[in-house]
Amino acid sequence: MARTALTRAEVLEAAASLVKRHGPAALTMRKLAAELGTAVTSIYWHVGNRESLLDALVERTVQDMGAIRPAGRTPVERILSVARILRRELRERPHLIAMVHERGLTERMFLPAQQALVHEVHAAGLRGARAADAVRAVQFQIVGFLLVERNRERSPAQSPAESDLWSPPAGSTGGTPAPDDPELARALARPADPERLFLLSVRALVQALLADGATGVSPCRYPL
């Protein structure tokens, strides 16, 4: 029996869930109606046709990505909190983010995060071009790290794996890749911890950027 009471918000929430789980291709009006236990005509009544539904989903995603609230007592910790939130939000909705990008709204989607970062780098004493460089450097670090994560997750099984390369089997005559640093070899033979590496890299970047601003040294003092 079809539902009689349905809201636009419920339709969008169910559509977003379908896209998150199966990608945009899985989003049909018939599947969405089945998910909601309603008639297809009810879906059309609330959101229009499929293209209108996709546009509404993109707009909803852009709005959701704007809910970033920094936390922490120091500028470094607050900027780190923005980075963690943004990485988490991007990881949780890859298909929806791809839809936003396809419709040319990526820059608008990132604006709230940029504004949050601007507020924090201003509080840390950076202004003008230095502040802009800091905001973009942090944003690029987040997006770049996420792309590396996704590529590693999607890549086929490696043989030999990283763990095999850094821990040769017993009896091997080839030696180890780092004979003068066995602790490093043991560490690289263990699986990487993306969350720890993300925080490590962003913290180091932010500390360097804010230190440069405090001392008046340009962050671009080294040739590229």
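Residues numbered from 1 in each chain as written. Predicted model: local features only at pLDDT ≥ 70, side-chain atom pairs only at ≥ 80, totals over all residues. Heavy atoms only, no water.

Quick word on the overall build of the chain
Right, so step 1: A tally of helices and strands in the chain yields 11 helices and 0 strands.
Right, so step 2: For the chain, the α and β elements follow one another from N to C terminus as α-α-α-α-α-α-α-α-α-α-α.
Right, so step 3: The 224 residues of the chain split such that 33% are buried.
Right, so step 4: Long-range pairs, those at least 24 residues apart, make up 69% of the contacts in the chain between residues at least 6 apart in sequence.
Right, so step 5: Of the accessible surface of the chain, which amounts to about 13600 Å², a share of 56% is contributed by carbon and sulfur atoms. (Helix = DSSP H or I, 4+ residues; strand = E, 2+ residues; numbered from the N terminus. Buried < 20%, exposed > 50% of the residue type's maximum accessible area, 1.4 Å probe, protein only. Contact = heavy atoms within 4.5 Å. Areas by Shrake-Rupley, 256 points an atom, 1.4 Å probe, with all protein chains shown as cover.)

So, helix α4 (residues 50-64)
Right, so step 1: Here α4 contains 15 residues, and its C-alpha end-to-end distance of 21 Å stays within 8% of the 21 Å for a straight helix at 1.5 Å per residue.
Right, so step 2: Of the surrounding secondary structure, the elements contacted by the buried residues of α4 are α1 (8-22), α2 (29-36), α3 (40-47), α6 (94-102) and α7 (106-123).
Right, so step 3: One side-chain oxygen of the residue at the start of α4 lies 3.3 Å from the amide nitrogen of E51, identifying that residue as N49. (Expected span 1.5 Å × (residues − 1). Polar contact = N/O pair within 3.5 Å; in protein donor to acceptor, adjacent residues only side chain to side chain.)

Structural notes on the layout of surface pockets
Right, so step 1: Estimated volume of the largest pocket: approximately 700 Å³.
Right, so step 2: Together, 23 residues line the largest pocket, and R152, E162, R190, P191 and A192 are the ones closest to its centre.
Right, so step 3: Put simply, the parts of the chain that give the lining of the largest pocket at least two residues each are α8 (128-154), α9 (162-166), α10 (182-189) and α11 (194-215).
Right, so step 4: Here the lining of the largest pocket takes 5 residues from α8, the largest share from any one element.
Right, so step 5: Put simply, the second largest pocket is a space of about 230 Å³.
Right, so step 6: What lines the second largest pocket is simply L90, P94, I97, A98, H101, T106, M109, F110, V143, L146, L147 and R150.
Right, so step 7: Within the lining of the second largest pocket, the residues separate by chemical class into 9 nonpolar, 2 polar and 1 charged. (1 Å grid on protein atoms, 1.4 Å probe; cavity = no way out; pocket = protein on both sides within 12 Å on 5 of 7 lines; lining within 4 Å. Points joined across faces, edges and corners; volume = space filled by probe spheres on them. Nonpolar A, V, L, I, M, F, W, Y, C, P; charged D, E, K, R; others polar.)

Concerning unusual backbone geometry
Right, so step 1: In the segment running from S159 into P160, the intervening peptide bond is cis, with an omega of 5°.
Right, so step 2: Residue position: P160 is located in the loop between α8 and α9.

Section: the nonpolar core
Right, so step 1: In this structure, L27, L32, I43 and L57 are the most contacted members of the largest nonpolar core, which totals 55 residues.
Right, so step 2: When residues of this core are assigned to their parent elements, the largest contribution, 8 residues, is made by helix α5 (residues 75-92).
Right, so step 3: Beyond its immediate sequence surroundings of up to four residues, L32 is in contact with V11, A14, A15, L18, L27, I43 and L53. (Core = buried A, V, L, I, M, F, W, Y, C linked by side-chain atoms within 4.5 Å.)

A look at the side chain of R93
Right, so step 1: As for its placement among the helices and strands, R93 is situated in the loop between α5 and α6.
Right, so step 2: Of the polar contacts made by the side chain of R93, one reaches the side chain of E89; its length is 2.3 Å.

Quick word on α8
Structural remark: α-helix, 3.6 residues per turn; residues separated by three or four positions point the same way.
Right, so step 1: Helix length check: α8, at 27 residues, gives a terminal C-alpha distance of 39 Å against a target of 39 Å (1.5 Å per residue), a fit within 8%.
Right, so step 2: Within the sequence span of α8, burial applies to A131, A134, V135, V138, Q139, I142, F145, L146, E149 and R150.

Notes on the packing of aromatic side chains
Right, so step 1: Scanning the entire structure with this criterion turns up 1 aromatic pair.
Right, so step 2: Seen in terms of ring centroids, F145 and F198 are 5.2 Å apart; in terms of plane orientation they differ by 65°. Their pairing is edge-to-face. Of the two residues, F145 is situated in helix α8 and F198 in helix α11; the sequence distance between them amounts to 53 residues. The exposure classification of F145 matches that of F198, with both residues buried.
Right, so step 3: Note that R87 overlies the ring of F198, its terminal NZ or CZ placed 4.9 Å from the centroid. (Phe/Tyr/Trp six-rings, centres within 6.5 Å; stacked < 30°, edge-to-face > 60°. Lys NZ or Arg CZ within 6 Å of the ring centre and 35° of its normal.)

A look at the confidence of the model for the chain
Right, so step 1: Mean pLDDT over the chain: 86, with 88% of residues reaching 70 or higher.
Right, so step 2: Of all secondary-structure elements in the chain, the lowest mean pLDDT belongs to α9, at 86, while α8 reaches the highest, 94.
Right, so step 3: Segment residues 217-224 is flagged for pLDDT under 50; beyond a separation of four residues in sequence, or across chains, it makes 8 contacts in the model. (pLDDT = per-residue confidence, 0-100.)

Quick word on the packing of α2 against α3
Right, so step 1: Running from N to C, α2 and α3 cross one another at 100°; their axes reach a closest spacing of 8 Å. With respect to α3, the axis of α2 lies roughly perpendicular. Packed against α2, whose contacting residues are M29, R30, L32, A33 and L36, the element α3 presents V40, I43, Y44 and V47 at the interface.
Right, so step 2: Taken together, the residues of the contact of α2 with α3 break down into 8 nonpolar, no polar and 1 charged. (Axes fitted to C-alpha atoms, helices over the stretch in contact; angles between N-to-C directions. Parallel < 35°, antiparallel > 145°, perpendicular 65-115°, else oblique.)

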